[in-house]
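If you want the building blocks of each chain, they are given just below.
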2 protein chains.
Amino acid sequence: MEQTGIRLTVDAVVFGYAKTEGVSILLVKRKYEPFKNTWALPGGFVLEDESLEQAVTRELKEETGIAVNYLEQLYTFGEPARDPRQRIVSVAYFGLINSSMYKELHAGTDADKAEWFNITNLPHMAFDHTAIIQAATARLRAKIQYQPVGFELLDKKFSFADLEKLYTALLGRDIDRRNFRKKILSFDFLEKLPEVTHPEGQGRPSNMFRFNKKRYDQLTKKGFFFEI
Amino acid sequence: MEQTGIRLTVDAVVFGYAKTEGVSILLVKRKYEPFKNTWALPGGFVLEDESLEQAVTRELKEETGIAVNYLEQLYTFGEPARDPRQRIVSVAYFGLINSSMYKELHAGTDADKAEWFNITNLPHMAFDHTAIIQAATARLRAKIQYQPVGFELLDKKFSFADLEKLYTALLGRDIDRRNFRKKILSFDFLEKLPEVTHPEGQGRPSNMFRFNKKRYDQLTKKGFFFEI
DNA sequence: TCAAAAGTGTTTCACTTACACCCATGA
DNA sequence: TCATGGGTGTAAGTGAAACACTTTTGA
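This structure is a prediction, so every number in the text was calculated from the model and none was measured.

1. Some details on the protein's contact with DNA strand D
- For DNA strand D, the set of nearby residues contains 22 residues, the closest of which are Ala161, Arg177, Gly203, Arg204 and Asn207 of chain A.
- Here DNA strand D approaches the protein such that, of its atoms within 4 Å, sugar and phosphate make up 38%.
- Residue Arg181 of chain A places a side-chain N or O atom 3.0 Å away from a phosphate oxygen belonging to DNA strand D.
- In the environment of DNA strand D, a base oxygen lies 3.4 Å from a nitrogen or oxygen atom belonging to the backbone of Gly203 of chain A.
- Breaking the surface near DNA strand D down by element, the ones donating at least two residues are helix 6 (177–187) of chain A together with helix 6 (177–187) of chain B.
- Counting residues per element, the surface near DNA strand D draws most heavily on helix 6 of chain A, at five residues.
- Residue composition of the surface near DNA strand D, grouped by class: three nonpolar, nine polar and ten charged.

2. Things to note about the nonpolar core
Residue and element names in this part refer to chain B.
- Core analysis: the largest hydrophobic core is formed by 44 residues, its most contacted members being Phe15, Leu163, Phe189 and Leu190.
- Examining the composition of this core, we find that six residues originate from one element, helix 5 (residues 160–171), more than from any other.
- For this core, the two domains that each supply at least three residues are domain 1 (7–128) and domain 2 (154–221).
- Beyond its immediate sequence surroundings of up to four residues, Leu190 is in contact with Phe151, Phe158, Phe160, Ile184, Phe209, Arg210 and Phe211.

3. Examining helix 1 (residues 52–64) of chain A
Residues and elements named next belong to chain A.
- Across its 13 residues, helix 1 extends 18 Å between first and last C-alpha, which sits within 8% of the 18 Å expected from 1.5 Å per residue.
- For helix 1, the set of buried residues is Leu52, Ala55, Val56, Arg58, Glu59, Leu60, Glu63 and Thr64.
- Positive backbone phi, at 75 degrees, marks Gly65, one or two positions downstream of helix 1.

4. Regarding the domain arrangement of chain A
All names here are of chain A.
- Domain annotation of chain A identifies domain 1 (7–143) and domain 2 (157–221).
- Placing the centre of domain 1 and that of domain 2 at their C-alpha centroids yields a distance of 28 Å.
- Listed as interface residues are five residues of domain 1 and, on the opposing side, seven residues of domain 2.
- Taken together, both faces of the contact between domain 1 and domain 2 bury some 610 Å²; the carbon and sulfur share is 63%.
- Sorting the residues of domain 1 by area buried against domain 2 places Tyr17, Lys19 and Arg141 first, and these three jointly supply 76% of that buried surface.
- Summed over the shared surface of domain 1 and domain 2, the number is one salt bridge.
- Linking Asp162 and Lys19 is a salt bridge whose minimum nitrogen-to-oxygen distance equals 3.2 Å.
- Our enumeration of links across domain 1 and domain 2 arrives at three residue pairs in polar contact (both at pLDDT 80 or more).
- Looking at side-chain class alone, the side of domain 1 that touches domain 2 contains three nonpolar, no polar and two charged residues.

Rules used throughout
- Residues numbered from 1 in each chain as written.
- Chains lettered and ligands numbered in written order.
- Predicted model: local features only at pLDDT ≥ 70, side-chain atom pairs only at ≥ 80, totals over all residues.
- Heavy atoms only, no water.
- Near = heavy atom within 4 Å.
- Polar contact = N/O pair within 3.5 Å; in protein donor to acceptor, adjacent residues only side chain to side chain.
- Helix = DSSP H or I, 4+ residues; strand = E, 2+ residues; numbered from the N terminus.
- Nonpolar A, V, L, I, M, F, W, Y, C, P; charged D, E, K, R; others polar.
- Core = buried A, V, L, I, M, F, W, Y, C linked by side-chain atoms within 4.5 Å.
- Buried < 20%, exposed > 50% of the residue type's maximum accessible area, 1.4 Å probe, protein only.
- Domains from an automatic or database assignment.
- Contact = heavy atoms within 4.5 Å.
- Expected span 1.5 Å × (residues − 1).
- Buried area = accessible area lost by both parts, 1.4 Å probe.
- Salt bridge = Lys/Arg side-chain N within 4 Å of Asp/Glu carboxyl O.

Shown next as structure tokens:
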């Protein structure tokens, strides 16, 4: 009936997005055994006086320098053999950061330790982290269809083209531009920014929009249900 | 950086259903401090060589004598202050048992230790178990709309009236009998049992049906998506 | 024969889907 | 003026919702 050696960790699957590079996940290279020098999810042991969320946030900061702007619990992985040395149970979290922070890491100093990997091109990974990432990716794909999480991945100001590309990348299928715009606008939680357009390369400039979270929260309280 | 005293438990929110009594949750009365003699979710410490699922199953058997026929992980609760004595992180599970097993417990011998409580009439509970139950109830309500979990709560053979009552109870709103039947039958995973009807009290006997899980699994593989 | 519960179809409406051309800009 | 990408409306089809009477049994 006794329990002695189970130790508790948290791991974070943080998604980032850039137009040019698509959807990526933040990984760190392990410095210690087991799996020394193998890529792994950022994470670590939970301290005795901090909450699980605090632990994830702290570890992310320590290991990658990044602060997410969305975080939710994903799943707890606890198979006895998932760590070859000792019994470790890990509470996995699911995080999103917006496009501008994504860029910051790329310009950061820890680039040899933490790196972004496109979700279609992940390295071999430590522990059961491949399975954790699969679970997180499935969650993201599901979530984007019924919660406005996409906006967390974009910059504050974005064009419909940006949004459309993101959804195309996440859903893995094409979207009808007209229907998509019609639907999103009908929700009435996007603000069209006045006269702010955005030339880029070539072509007609696009209107910029902003996600109005307050408006969204009001709507959900009234029973509104977002769905792509 | 050290972690010493965090201990890991599992807790189970098991739902049962009976036509007469509605949706209930299985609780046990605690024998020891803290919260001695207070109602709590069945659960306990995870042993070092067992998986989390095994731990829940074992604890349920030990404390209530019951075996669930559906079990999934719900959420991990880990606020530092959730246990007044020590740091305990608990992985909560969500379980369903069918109507016949529900009756068994009522006829069992452990009735003073384990008991069913209607979800609309729960006692004061130990730890943060009220919050865990809230999360589980929300999950059940959501889940029943896009996964055929309702059948786990009913007997193997059931009538459309049973199914309809269950959904009415879970969703908390009335259902149009014709539309409901039309929709469920259109999924084509219910077997109409030959000539088996079921008089009860008064009124026209009803056809009995059975959930064909194999058929359902086939359909989901083909991309079918259940939705009420 | 009456009360109680089960079984059954059709119409309306809303939402989703499909689809092609013009507009604004930089090169 | 051309190439590039942004912006826009309508028609057809599909699925959801609303709705009331008949059937079968026990009392």
